[in-house]
Each structure stands twice: as C-alpha cells, then as structure tokens.
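Residue-level structural notes
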Amino acid sequence: MNEQTAISREQLEYSQGAKDFLARKPQLFIGGEWVESSHGKTLAVEDPSCGREVARIVDASTDDVDRAVAAARSAFDDGRWSDLPPMKREATIHRLADLIQREAELLAELEAIDNGKPKTMAQAVDVNGAVSMLHYHAGWASKIGGEMIEPANAPRGVFHSYTRREPVGVAAQIVPWNFPLLMAVQKIAPALAAGCTLVLKPAEQTSLTALKLADLVAEAGFPAGAVNIVTGLGETAGDRLVRHPDVDKVAFTGSTEVGKIINRTATDSLKRVTLELGGKSPVIVLPDVDPAAAAGGAANAIFFNAGQVCVAGSRLYAHRDVFDRLIEGIAETAPAWAPRPSLDPQARMGPLVSHEQFERVMGYIEAGKKDGASVAMGGDAAPSNGGYYVNPTVMVDVNPSMSVVQEEIFGPVVVAQRFDDLDDVAKQANDTLYGLGAGVWTRDVGAFHKLAARIKSGTVWGNCHSMLDSALPFGGYKQSGIGRELGSEGVKAYTELKTVILQL
C-alpha cells in the first residue's frame, strides 16, 4: 500500500447519520418493537478499516431467541401475514424495497464501517442488489400456485385432483458477514413472498445493516412478528434458532463446517433446510482468448470484496500457452486493487472483515510458502493504521495436495496452475470437495458448453464471474450446499407441496 493509500480513519469521518445510528442503545427487534435483551449482554462492533470499536450490539440469550420465535409463530398461526391477500404482501415488500432505496447512502456507509468493503461498492452492489431482489420477489407473492393433475390410474372425471403450495411456516435465517445486507434480503424476500414469517440472525461481526433494516420493516407496515431480528453469537443464538421446536425451516449461508453442524441439528426434527456453503471456484482460461483481457476478469473474480466471496475465483487454471502472460496481466492490475479504508472514495478493495480473518488468510499464505508455492504477486500484509489489510496475492508453483489449493481461504489469494487440454482442466477443476461456481474464459462456444457440462458446480459462467441475478437459481454441488436460492426454486423452498384429491 503506497503512501497515498495509507489514509487514516480520522481523514474519513463518519456522517452524522452514521454517528447517530452507532450511538443507539443495543436492542432486538421482536414482535414489531425494539426490546431489551433478557440479560443485558452485548458484543463489540469493530470498524475493520482501523480496528477500533465503534458500537455495541445485543448478544441475544436463548430466552431472547425464544421470544422472537414465539412472535414469528404467532404471526404465522393467526394469519397476520400468511393469510394476507397476495397483492397486499406484494405491495408491502415493494414498499420495503423503496425504503431501502431511500436510505441507500446510510446503509452503504454502515456496511462499509461494519464489513470493510468500499462504500462505493456497498451502494452499487449490496444496496442496489437488495432493492432489486425485493422488487423481484415481491412479484412472486401473487404467482405461487399449484396445478391440476389427472390421476394416471382412474377414468377421467372420477377424481378432481390438484396441488397447492403453502408457506412452510416459521423460518430461521442465519446470514454471513461478507454481504450482510444483501444476504439478509436474499433470505427474507422469498420467505415473505411465500407467506412465511421469520427470525433473522445476522453475523455477529456485521449486524448493523440488519438492525437498520428492522427500522424499515416497521416503517413499511409489516404486521408485528412477521420479521424479527436478533443479534448474537452463532454458538448460542444461532444454535437455539436451529434447535427451536417451533421453527419449520432453516436457511443458512456460511462455512461448510458450520453448515454440517446445522444440518445434523435440524435433522433431529426434520426441519426443512437450505444451505449455501463454501466454495473453491475454478477460473479456466483457454488459449484462444486475449490474456490481457482475461487477466482483468480473473483479477476481479478473486479480489472483488477482498476475496471474501463464496464463489471467489480462487483457483486459476490457464492453458500453458497463455499462462505466463496471464499472470503478468494480473500483476499489472495490482495498483488498482491496493487495499484502502472502506470510506476512501478511491477504494476498490477494502480490509478483511476482522483480525481473525486477517490471521486466517496470512496463515494460508505462509502455509503455501512452506509447502513450496511461489508468490508471483503480493503475499504480504499492507501497511495500515490498525486495520486488516492484505495485498492482492497470486501464488504459483502449486500442486493439488496443498492446503492453499484444496481449502477455502476467503481472502484475496488465488493459486494459479497450468493445463494442457479440456480433459486435463475438467479433472483439475473437479478435484475439490466444493462445487459452487466456475468460470470459463474462451471464444470457443463449443468448448465452453463441453466444460459447462463436465464441471460439477451449481453455476458455470462464461467470460464473466460472480454474475448473480434474482431470477437465476443459485446453490452448490457436493459440500457447497443443499437446495437453491433465488428464482422460482428459491421461492418454492419456502413452501410445502400439498396434494388434494376429491372423488366426484
């Protein structure tokens, strides 16, 4: 990080709106109201750009979680939300989207302060994405339905049979720290469209925008208990949510390790489960593309959001004919990705979310070096004023057995390898426990579709990476998850399918 980059936090003052929000008393949003915790315990909120505490949030107790679930259960069982005419649900969700748009500036700033991502990116990607996602899912509220089906073994006209989709009930939704607002909305939007009520638990590291979202939920006119938001630790508040007998469905985005625990716990009561978990996504560059053009795409695939993306392109496979030029091209992008404080208007990449994540990423880099990998770019921490900055890193001379190749680092670190042909690279791309996303850069449409059919991942991109859309289902193969979010599949995940048969 050069001298211009090392901007102190004092030079980047918070807005008055952010200061006022950070000074609020820690509370929980339960039953449509801000309430006190049962035990008064709190957690620190840290700004990763400077490593300083800036606010506190409630560390919810199991009693707090029980109150939130009870509020959601009541709102569902008495039909306060689930029995509303679909067009009224649709209008309320649209209204929430409009309120988020109104508060876009503040929400982006809070996300930047809390998570470390550049404010400009938070507004363009996270806030705008949340608005779009709510508008899209709002339309589904009036379009969920079943179908008439003729029985296969009965004469026509003897039975009237059909299916109907009904809301699954109370949903427990646990979201990660890398896209706090966007992931929260990605969870609540389809649930609300389907008629479910919910309890949302944001990550303890990044709860600010979820709490601001609660303000907007109240203003939008959702009935009390439809949306409840509790902050706290995963091992206490999150665990209680997953185990609660009145929760019908669990939706979790986060690490594969935690996802396995949640899946085992939810299985005891056969809760419906959607899991979007880890990834180690390959980016494949075929020899027919311009290496300079592909270099920009490969860099964005791993350095966007400081590599803290479940589908980050963390394994780079380049044909040996273009490998060296591609690595050179990525190295040339380094100045543009130099980490800066999140409120710096020039920032393209901010700090990592926490000291814990900083230590994790630096630990993987050191492990890679010890295993024999070479650092072609970066590989070190950037100078800072207490923040958690890691320079964009490219590692070469790696082999499939190394931890940096097999394990999810969740930082701005890519491992680059050569390949010879489609069979070779398909085998290497699939040599992982994960299967969330993959990117292929090529002008050869036939080669792209051959690879798309052979790569075991939930999404395959061509000449782009991490392109997500509300209408397109998203989820993983193998240990990258269970089920799908977004699109019609994401809405159906919050419904139960009922068959109705009447003998005439």
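The structure reproduced in this document is the subject of the present report.

Scoring rules and cut-offs
Residues numbered from 1 in each chain as written. Predicted model: local features only at pLDDT ≥ 70, side-chain atom pairs only at ≥ 80, totals over all residues. Heavy atoms only, no water. 1 Å grid on protein atoms, 1.4 Å probe; cavity = no way out; pocket = protein on both sides within 12 Å on 5 of 7 lines; lining within 4 Å. Points joined across faces, edges and corners; volume = space filled by probe spheres on them. Helix = DSSP H or I, 4+ residues; strand = E, 2+ residues; numbered from the N terminus. Nonpolar A, V, L, I, M, F, W, Y, C, P; charged D, E, K, R; others polar. Pairing = 2+ DSSP bridges. Axes fitted to C-alpha atoms, helices over the stretch in contact; angles between N-to-C directions. Contact = heavy atoms within 4.5 Å. Expected span 1.5 Å × (residues − 1). Buried < 20%, exposed > 50% of the residue type's maximum accessible area, 1.4 Å probe, protein only. Polar contact = N/O pair within 3.5 Å; in protein donor to acceptor, adjacent residues only side chain to side chain. Core = buried A, V, L, I, M, F, W, Y, C linked by side-chain atoms within 4.5 Å. Salt bridge = Lys/Arg side-chain N within 4 Å of Asp/Glu carboxyl O. Phe/Tyr/Trp six-rings, centres within 6.5 Å; stacked < 30°, edge-to-face > 60°. Lys NZ or Arg CZ within 6 Å of the ring centre and 35° of its normal.

1. Points about the layout of surface pockets
Of the volumes computed, that of the second largest pocket is approximately 250 Å³. What lines the second largest pocket is a set of 15 residues, among which Arg89, Arg165, Glu166, Pro167 and Ala194 lie closest to the centre. Residue contributions to the lining of the second largest pocket peak at four residues, all from strand 5 (residues 159-167). Here the residues of the lining of the second largest pocket sort into six nonpolar, three polar and six charged.

2. Digging into the sheet that holds strand 15 (residues 413-419)
If you walk across this open sheet you meet the seven strands as 13-14-15-12-11-17-18, and the pairing is mixed. The open sheet terminates on both sides in strands that have one partner only, identified here as strand 13 (374-377) and strand 18 (459-462). For this sheet, the mean inter-axis angle between neighbouring strands, taken without regard to orientation, is 25°. Judged from the three bridges that link them, strand 14 (residues 393-396) and strand 15 form a sheet pairing that is parallel. Across the sheet, Met395 pairs through a bridge with Val415, a residue of strand 15. Each of strand 11 (282-285), strand 12 (315-319), strand 13, strand 14, strand 15 and strand 17 (437-441) touches helix 10 (residues 291-303); the most contacted strand, strand 11, lies at about 175° to it. Helix-sheet contacts for helix 11 (residues 323-332) involve strand 11, strand 12, strand 13, strand 14 and strand 15, and the interaxial angle to strand 12 is about 135°.

3. Observations regarding helix 10
Its 13 residues give helix 10 an end-to-end C-alpha distance of 18 Å, which sits within 8% of 18 Å, the value for a rise of 1.5 Å per residue. Listed as buried for helix 10 are Pro291, Ala294, Ala295, Gly297, Ala298, Ala299, Ala301, Ile302 and Phe303. Regarding helix 10, its N-cap is Asp290, as a side-chain oxygen of that residue lies 3.1 Å from the backbone nitrogen of Ala292 further along. Looking one or two places after helix 10, you find Asn305, whose phi comes out positive at around 55°.

4. Regarding the nonpolar core
By size, the foremost hydrophobic cluster in this structure holds 116 residues, and its most contacted members are Leu96, Ile100, Val285, Leu316 and Ile330. With residues up to four places along the chain from it excluded, the contact list for Leu96 reads Leu134, Ile188, Leu213, Leu216, Val217, Ala220 and Phe222. Core analysis: the next-biggest nonpolar cluster, separate from the first, contains 27 residues, Val58, Ala68, Val242 and Phe252 among them.

5. Remarks on the pattern of salt bridges
A complete count under the given rule lists 27 salt bridges for this structure. In this structure, the salt-bridge partner of Glu13 is Lys19, at a minimum N-O distance of 3.8 Å. Taking the relative accessible area as the measure of exposure, Glu13 reaches 54% and is therefore exposed. Arg102 is paired through a salt bridge with Glu219; the nearest N and O atoms lie 2.8 Å apart. You can see Arg102 sitting in helix 3 (residues 86-102) and its partner Glu219 sitting in helix 7 (residues 208-220), a full 117 residues away along the chain.

6. Comments concerning the packing of aromatic side chains
For any pair of aromatic rings, geometry is given as the distance between the ring centres together with the angle between the planes. Per the counting criterion, the structure on display carries five aromatic pairs. Here Trp177 and Phe410 contribute two aromatic rings whose centre-to-centre distance is 5.4 Å and whose plane-to-plane angle is 85°, an arrangement assigned as edge-to-face. Of the two residues, Trp177 is situated in the loop between strand 6 (170-174) and helix 6 (180-194) and Phe410 in the loop between helix 13 (403-406) and strand 15; the sequence distance between them amounts to 233 residues. Classification of Trp177 by relative accessible area gives buried; the value is 15%. Over the face of the ring belonging to Trp34 we find Arg24, whose NZ or CZ atom lies 5.1 Å from the ring centre.

7. Here's the deal with helix 2 (residues 62-77)
Under the 1.5 Å per step criterion, the end-to-end length of helix 2 is 22 Å for 16 residues, consistent within 8% with the ideal 22 Å. Along helix 2, the positions that sit buried rather than exposed are Asp64, Val65, Ala68, Val69, Ala71, Ala72, Arg73, Ala75 and Phe76. Those residues of helix 2 that are buried are in contact with strand 1 (28-30), strand 5, strand 6, strand 7 (197-201), strand 8 (227-229) and helix 8 (234-243). In the stretch just after helix 2, Gly79 is the one whose phi turns positive, near 75°.

8. Some remarks on the environment of Gln123
One can find Gln123 in helix 5 (residues 119-140). Residues in contact with Gln123, not counting those within four places in the same chain, are Ala104, Glu105, Ala108 and Asn128.

9. Let's talk about the side chain of Asn305
Position of Asn305 among the secondary structure elements: in the loop between helix 10 and strand 12. On the basis of relative accessible area, Asn305 is assigned to the buried category, the value being 5%. At 3.3 Å, the side chain of Asn305 and the backbone oxygen of Asn178 are in polar contact. If we ignore the near neighbours within four places in the chain, the residues touching Asn305 are Asn115, Lys117, Met121, Asn178 and Phe179.

10. Some remarks on the environment of Val396
Counting through the fold element by element, Val396 comes out in strand 14. Sequence separation of Val396 and Ala376 is 20 residues, and the distance between their C-alpha atoms is 6.5 Å.

11. Observations concerning the side chain of Gln308
One can find Gln308 in the loop between helix 10 and strand 12. Among the residues examined, Gln308 registers a relative accessible area of 1% and is labelled buried. Those residues in contact with Gln308 that sit more than four places away from it in its chain are Trp177, Asn178, Phe179, Pro351, Leu352, Val353, Gln357 and Phe410.

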